[in-house]
Amino acid sequence: MLMLVPSVTRPTKDDQSEGGAVSKEDLLARIAQADQAAFGLLYDDIAPRVLGLIRRLLVDHAQSEEVAQEVFLEIWQTASRFDPAKGAATTWILTMAHRRAVDRIRASQSSRDRDTKVGIRDFAPEYDHVAESAEVTIEHERVKKAMTQLTELQRQAVSLAYYGGYSHSEVAALLSVPIGTVKTRLRDGMIRLRDELGVSS
Amino acid sequence: MTDRDELHQLTGAYALNALTPSERAAFEEYLEQSDDAAREVDEMTETAALLAFSATPVEPPADMRARLMAAIATTPQLAAPASPDVAVGAASTPSTPPVLRAVPHDAEPTATQRRAIDDVANGNTTNGTGTAAATARSRWFSKPVMVLAGAAAAAGLFFGGSLLGISISDTSEVENQAASLAEITAADDVQRQVAEVAGGGTATLVFSPELDRSAVLIDGLPALGSDQIYELWYIDDDGARPAGTFNAAESGQTWRVLDGDMAEDDVIGITVEPAGGSEAPTTDPIVVLGDA
């Protein structure tokens with residue numbers, strides 16, 4: 001399960017202990033040096049999160065597992081390109097996972113399959129599910145709360161794009177609003193979320 | 001509203017991966033020039049990653065870990081920019097055959113991926129990514145230097161040298177083939193097509209109209225007796241031109257870069273021919289690829 005370690009108390013290499021307290025940033029640095037054990041630790045740490053996100057988008061089990069494997073292979077291959085100065089390891093990995101899932105959706109534009117499978121699914125995030133670590137639950141709650149601060153249209157547009165993997169033109173069609181409006185709503189919605197979640201660079 | 005203003009409106013859609021490929025490219029160009037937009041995208045990307053926390057974690061099947069651990073043991077890594085030789089050297093002597101998956105035929109590599117493929121194949125990290133690294137203040141996430149399983153297959157074949165009809169000791173030919181395959185895979189206009197092979201297996205044609213080159217990868221092709229060989233053909237309205245012969249690999253994937261040039265209207269066929277090959281096909285193709 002994913003551990004969220006506040007950056008101020010993130011363990012350094014010197015005080016790392018057994019049991020998952022090693023930061024993902026450190027693990028990536030070791031993976032970049034071809035450390036296979038570190039790869040195993042990182043996998044154990046974040047694989048359910050990666051697979052969960054991908055499955056949220058693709059729905060199909062087998063395809064999701066395939067894409068998750070590709071993502072982990074990509075992590076192995078490109079770990080040297082991760083730069084901790086530019087952002088958190090979790091962000092790097094989940095961004096990669098999201099993009100690969102979306103790539104898969106766009107590539108198999110028999111997304112009609114997906115649509116019928118998904119139906120008119122409610123794209124609001126799944127909030128109550130599964131026992132999660134306290135840290136994750138906290139993140140969960142924060143996101144949920146931040147989402148409520150968006151306008152209806154912002155929330156729908158962001159949810160369809162992020163959790164549904166829809167392009168802005170698909171979102172526009174689904175919501176019956178002009179593309180320009182969708183672009184703007186995606187931006188101001190994300191700005192609102194950023195501020196609500198206290199993200200700053 | 002100016003173009004720049006309009007592009008700036010796309011920060012949210014970009015961070016959510018909601019742009020079309022052409023918009024994405026245009027936007028990334030804009031990002032190179034605008035620190036403001038780059039900062040905004042960084043923040044939004046981090047915000048988007050937080051949205052992932054609303055997706056319920058899914059426990060992967062137990063064998064996924066084992067598969068991955070086996071795969072990485074033989075998968076070359078992109079070297080760190082400072083020391084381009086380390087990872088390739090470390091990966092060049094796999095103790096077990098590379099774990100290959102069928103080329104994902106439904107996913108076209110992006111330009112960045114293709115550069116990465118090239119990088120892996122060449123053991124080289126400066127080409128193509130250098131400018132990005134120099135200019136992109138923080139675009140590591142937006143330009144993921146990505147290697148698909150297909151590329152891993154190409155790279156794995158390159159390093160592992162699993163072969164077909166070419167003696168494994170003939171390393172220069174192996175390297176030529178691997179270099180050609182990497183070149184085709186890295187071409188801007190690379191295309192893939194997959195077809196079922198009569199009698200079992202799947203054939204994937206990888207070709208670049210720009211380079212006029214093509215390669216065929218086949219999964220599960222049956223081995224032939226010593227008096228027979230597989231032969232590749234360029235086929236157009238005037239008939240078939242020979243494009244090289246090969247034997248099936250003992251197990252797993254067989255691949256070969258075709259001899260000669262692929263013309264625009266050619267399709268690719270494979271037949272079973274008497275050992276030594278034929279000037280013209282003597283049997284019906286077991287598979288035909290490249291017909292739109």
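Since this is a predicted model, take the numbers as computed values, not measurements. (Residues numbered from 1 in each chain as written. Chains lettered and ligands numbered in written order. Predicted model: local features only at pLDDT ≥ 70, side-chain atom pairs only at ≥ 80, totals over all residues.)

Student: Tell me about the interface of chain A and chain B, and please be specific about residues and values.
Tutor: Between chain A and chain B, the residue contacts involve 75 residues of the former and 60 residues of the latter. Here the side of chain A that touches chain B is built from residues that sort into 35 nonpolar, 21 polar and 19 charged. (Contact = placed C-beta atoms within 7 Å. Nonpolar A, V, L, I, M, F, W, Y, C, P; charged D, E, K, R; others polar.)

Student: Please give an account of the pairing of strand β2 (residues 202-208) of chain B that cites residues and values.
Tutor: On a regular strand, one side chain projects to one face of the sheet and the next to the other, so that they alternate. Residue and element names in this part refer to chain B. Counting buried positions along β2 yields five of seven residues, so the element is predominantly enclosed. As judged from the six bridges shared by strand β1 (residues 191-196) and β2, these two strands associate in the antiparallel manner. Note that in β2 the partner of Ala195 across the bridge is Ala203. In textbook terms, the turn of a hairpin is the stretch between consecutive antiparallel strands, and for β1 and β2 this stretch comprises five residues, one of which, Gly199, has a positive phi near 90 degrees. Note: β2 against strand β3 (residues 213-219), seven bridges, orientation antiparallel. Paired with Thr202 across the strands is Asp219, a residue of β3. In textbook terms, the turn of a hairpin is the stretch between consecutive antiparallel strands, and for β2 and β3 this stretch comprises four residues, one of which, Asp212, has a positive phi near 60 degrees. (Buried ≥ 20, exposed ≤ 12 C-beta atoms within 10 Å, placed from the backbone. Helix = DSSP H or I, 4+ residues; strand = E, 2+ residues; numbered from the N terminus. Pairing = 2+ DSSP bridges.)

Student: Would you mind going over the packing of helix α9 (residues 179-197) of chain A against helix α4 (residues 35-51) of chain B in detail, with residue names and values included?
Tutor: In the contact formed by α9 of chain A and α4 of chain B, the axes pass within 9 Å of each other and the chain directions differ by 75 degrees. Judged on the interaxial angle alone, α4 of chain B and α9 of chain A are roughly perpendicular. Residues Met190, Leu193, Arg194 and Leu197 of chain A of α9 of chain A pack against Glu43, Met44, Thr47 and Leu50 of chain B of α4 of chain B. Looking at the contact of α9 of chain A with α4 of chain B residue by residue, the class counts come to five nonpolar, one polar and two charged. (Axes fitted to C-alpha atoms, helices over the stretch in contact; angles between N-to-C directions. Parallel < 35°, antiparallel > 145°, perpendicular 65-115°, else oblique.)

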